[in-house]
Amino acid sequence: METPGLDLRRASATVMAALTRLVGPSRLDLAEDATQDALLAACRHWSSSGVPADPIAWLLTAGRRSLVDRWRRQRLESIPPTDAAAGATPPPEIAVIAAAEPLRDDTLRMLFLCCHPALPSEVRVPLMLKECGGFAVSEIATATGKSPETIAQRLVRAKRRIQEEGIALELPAENELPARVDALLEVVYLLFNEGYSAHSGDELVRAELVHDAARLITRMAASDVISNPRVHAVAAIVHFDGARLEARVGDD
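A few points on the structure.

Reading the values: rules and limits
Residues numbered from 1 in each chain as written. Predicted model: local features only at pLDDT ≥ 70, side-chain atom pairs only at ≥ 80, totals over all residues. Heavy atoms only, no water. Helix = DSSP H or I, 4+ residues; strand = E, 2+ residues; numbered from the N terminus. Buried < 20%, exposed > 50% of the residue type's maximum accessible area, 1.4 Å probe, protein only. Contact = heavy atoms within 4.5 Å. Areas by Shrake-Rupley, 256 points an atom, 1.4 Å probe, with all protein chains shown as cover. Expected span 1.5 Å × (residues − 1). Arc of directions from axis to C-beta. Core = buried A, V, L, I, M, F, W, Y, C linked by side-chain atoms within 4.5 Å. Phe/Tyr/Trp six-rings, centres within 6.5 Å; stacked < 30°, edge-to-face > 60°.

1. Section: the overall build of the protein
Summing up its helical and strand segments, the protein has 13 helices and zero strands in all. Evaluated residue by residue, the protein yields a buried proportion of 44% over its 252 residues. Sequence-distant contacts in the protein: of pairs separated by 6 or more residues, those separated by 24 or more amount to 66%. Here the protein displays about 13,100 Å² of accessible surface, and carbon together with sulfur accounts for 51% of that area.

2. Some words on helix α12 (residues 229-242)
A rise of 1.5 Å per residue sets the reference length of α12, with its 14 residues, at 20 Å; its end C-alpha atoms lie 19 Å apart and thus fit the reference within 8%. Three or more residues of α12 are buried, namely Val231, Val234, Ala235, Val238, Asp241 and Gly242. Down the axis of α12, the sector holding all buried residues measures 150°, keeping them to one side. Facing away from the buried side of α12 by over 90 degrees, the exposed positions are Pro229 and Phe240. Looking at the packing, one finds that the buried side of α12 touches α10 (177-196), α11 (207-221) and α13 (245-248).

3. Section: the nonpolar core
Ranked by size, the top nonpolar core spans 71 residues in total, and within it Met110, Met128, Ile217 and Met220 carry the most contacts. A per-element tally of this core places α10 first, with nine residues. The contact partners of methionine 128, leaving out residues within four places of it in the chain, are Leu111, Cys114, Cys115, Gly133, Leu184, Val187, Val188 and Leu216.

4. Side note on the packing of aromatic side chains
Summed over all chains, the structure comprises three aromatic pairs. For the pair tryptophan 46 and tryptophan 58, a centre-to-centre distance of 5.3 Å together with 65° between the ring planes defines the contact as edge-to-face. Here tryptophan 58 lies in helix α3 (residues 55-78) and tryptophan 46 lies in helix α2 (residues 28-49), a separation of 12 residues in the sequence. With a relative accessible area of 4%, tryptophan 46 lands in the buried category. Tryptophan 58 gets classed as partly exposed once you look at its relative accessible area, which sits at 27%. On the numbers, 5.9 Å between centres and 40° between planes, the contact of tyrosine 189 with phenylalanine 192 is tilted. In this pair, tyrosine 189 and phenylalanine 192 are both assigned in helix α10, three residues apart and thus about one turn of the helix distant. Relative accessible area serves as the criterion here: at 36%, tyrosine 189 is assigned to the partly exposed category. Counting every residue linked through ring pairs, the aromatic cluster contains Tyr189, Phe192 and Tyr196.

Put into structure tokens, the structure is as follows:
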């Protein structure tokens, strides 16, 4: 669905990060499902009523409602009938997202989650594309030259590790920040490099990866928390070389 003035991939990443904050990283699957429900609801309603004035707020509300419904169903399926009434009540932080509450920097926290040092290096790019880029498994497989089965397995392993390690959706401690930012830059640059000069497949350039790397590095450069000369250097490379994409491949 075309939505003038709205980047659905960015919107998806924003909603996913906010919902993950509510349920915790150990329930990424639940947040993913609720995000997809919100996007599907938007496709149904916006085609007839038009895009609302604040589409992100609309998607967050729809995602929160889906989150509550899914949480209740899962709880009711896993507890005795005598405890059903109490078990169907969602935690307060899930039940309410105040309309006046400004969005926290959840997207930045999600980036750090996807690049956490406890996660194997081979799962970081797929996880970032899935959770921060809104890419489907099939799209990630095409982008990385791996089979959908391989990507699906890596995502499962990543989510299992997040649960086992109890990784939180939070910014690193100040003393950990430089190393964590460098790890994040490495993943963003790998993402950009794969888009700029694909290592597999029939296409030399995968513009969607370059554009996603540009979006992520721009977000990092705009952050007062993690912006530094190295971040701006990578941002300059990504934007300068990204501007040459159309000249990379011609009719000859």
